[in-house]
Amino acid sequence: MKTLSHEFVDLIPDILENDVVYVSIKHRTAIHKCVCGCGEEVVTPLSPAGWEVTFNGVSISLYPSIGNWNSQCQSHYFITNNKVEWARKWSAKRIAKKKIEDEKDRQDYYSKNDNNER
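(A) Region of the structure containing the pairing of strand 5 (residues 52–55). Relative to strand 6 (residues 60–67), strand 5 runs antiparallel, the two being bridged by four bridges. Opposite Val-53, over in strand 6, you have Leu-62 as the bridge partner. Taking the residues that link successive antiparallel strands as the turn, the strand 5-strand 6 hairpin has four residues, and the phi of Gly-57 there is positive, at about 95 degrees.

(B) Spotlight on the packing of aromatic side chains. Tallied over the full model, the rule gives four aromatic pairs. Their ring planes at 80 degrees and their centres at 5.1 Å tell us that Phe-8 and Phe-55 sit as a pair that is edge-to-face. Remark: Phe-55 occurs in strand 5 and Phe-8 occurs in strand 1 (residues 5–8); sequence separation between them is 47 residues. Here the aromatic rings of Tyr-109 and Tyr-110 are separated by 4.9 Å at their centres, their planes lie at 75 degrees, and the arrangement is edge-to-face.

(C) Just the pairing of strand 8 (residues 83–86), in detail. Bridge count between strand 7 (residues 76–80) and strand 8: four bridges; the pairing is antiparallel. Note that in strand 8 the partner of Tyr-77 across the bridge is Trp-86. A loop of two residues connects strand 7 with strand 8, the two strands running antiparallel in sequence, and Asn-81 in this loop sits at a positive phi of about 50 degrees.

(D) Inspection of the pattern of salt bridges at higher detail. The full count for this structure, using the stated rule, is four salt bridges. The residue Glu-103 makes a salt bridge to Arg-106 at a minimum N-O spacing of 3.1 Å. With a gap of three residues between them, Glu-103 and Arg-106 both fall in helix 1 (residues 92–117), about one helical turn apart. The exposure class assigned to Arg-106 is partly exposed, which follows from its relative accessible area of 32%.

(E) Fine view of a positive patch on the surface. On the surface, Arg-88, Lys-93, Arg-94 and Lys-97 cluster together into a positively charged patch. Secondary-structure assignment places Lys-93 in helix 1. Looking at Lys-93, the relative accessible area reads 73%, which means it is exposed.

(F) The state of the cysteines, seen in detail. Going through the model one piece at a time under the given rule, you end up with zero disulfides. The closest cysteine sulfur to the non-disulfide-bonded Cys-38 is located on Cys-36, 3.6 Å from its own sulfur.

(G) Here's a closer look at the nonpolar core. One finds Val-21, Leu-62, Tyr-77 and Ile-79 to be the most contacted residues of the largest nonpolar core, which totals 14 residues. When residues of this core are traced back to their parent elements, those giving at least two are strand 2 (20–24), strand 6 and strand 7. Counting residues per element, this core draws most heavily on strand 6, which supplies three residues. Sequence-distant contacts of Ile-79, that is, excluding residues within four places in its chain, are made with Leu-4, Val-21, His-32, Ile-60, Ser-61, Leu-62 and Ile-66. Judged by nonpolar contacts, the second largest core, of five residues, contains Leu-16, Val-20, Tyr-22 and Ile-31.

Reading guide: rules and limits
Residues numbered from 1 in each chain as written. Predicted model: local features only at pLDDT ≥ 70, side-chain atom pairs only at ≥ 80, totals over all residues. Heavy atoms only, no water. Pairing = 2+ DSSP bridges. Helix = DSSP H or I, 4+ residues; strand = E, 2+ residues; numbered from the N terminus. Phe/Tyr/Trp six-rings, centres within 6.5 Å; stacked < 30°, edge-to-face > 60°. Salt bridge = Lys/Arg side-chain N within 4 Å of Asp/Glu carboxyl O. Buried < 20%, exposed > 50% of the residue type's maximum accessible area, 1.4 Å probe, protein only. Patch = residues over 30% accessible without salt bridge, like charges linked within 9 Å, V, L, I, M, F, W, Y side chains within 5 Å. Areas by Shrake-Rupley, 256 points an atom, 1.4 Å probe, with all protein chains shown as cover. Lys, Arg positive; Asp, Glu negative; His and termini not counted. Charge placed at Lys NZ, Arg CZ, Asp CG, Glu CD. Disulfide = S-S within 2.5 Å. Core = buried A, V, L, I, M, F, W, Y, C linked by side-chain atoms within 4.5 Å. Contact = heavy atoms within 4.5 Å.

Next up, the structure:
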């Protein structure tokens, strides 16, 4: 099982190292290079409509899974306690359905927050 390291940063570095997850609480994002080795940068916005990061004092976990549906590799994995857990490959139909669901969830979340601020 592949093990990653993590760094808490204010700003994401210009050059990302392999096998490092950079977490910026200030900018509510985590970013890393795809763990398959393709080199794609994977951005995971931290929010109730995106991903959540947990830190247990030693390691981090990102939830939900990371599906690189827009990348050629289409890797799908979890990062749990700094370890990569590979998930099942999804069909194109399932990926398309999930993209629609995720967009709807984001729109619902942000429209509720916009209404609460008024």
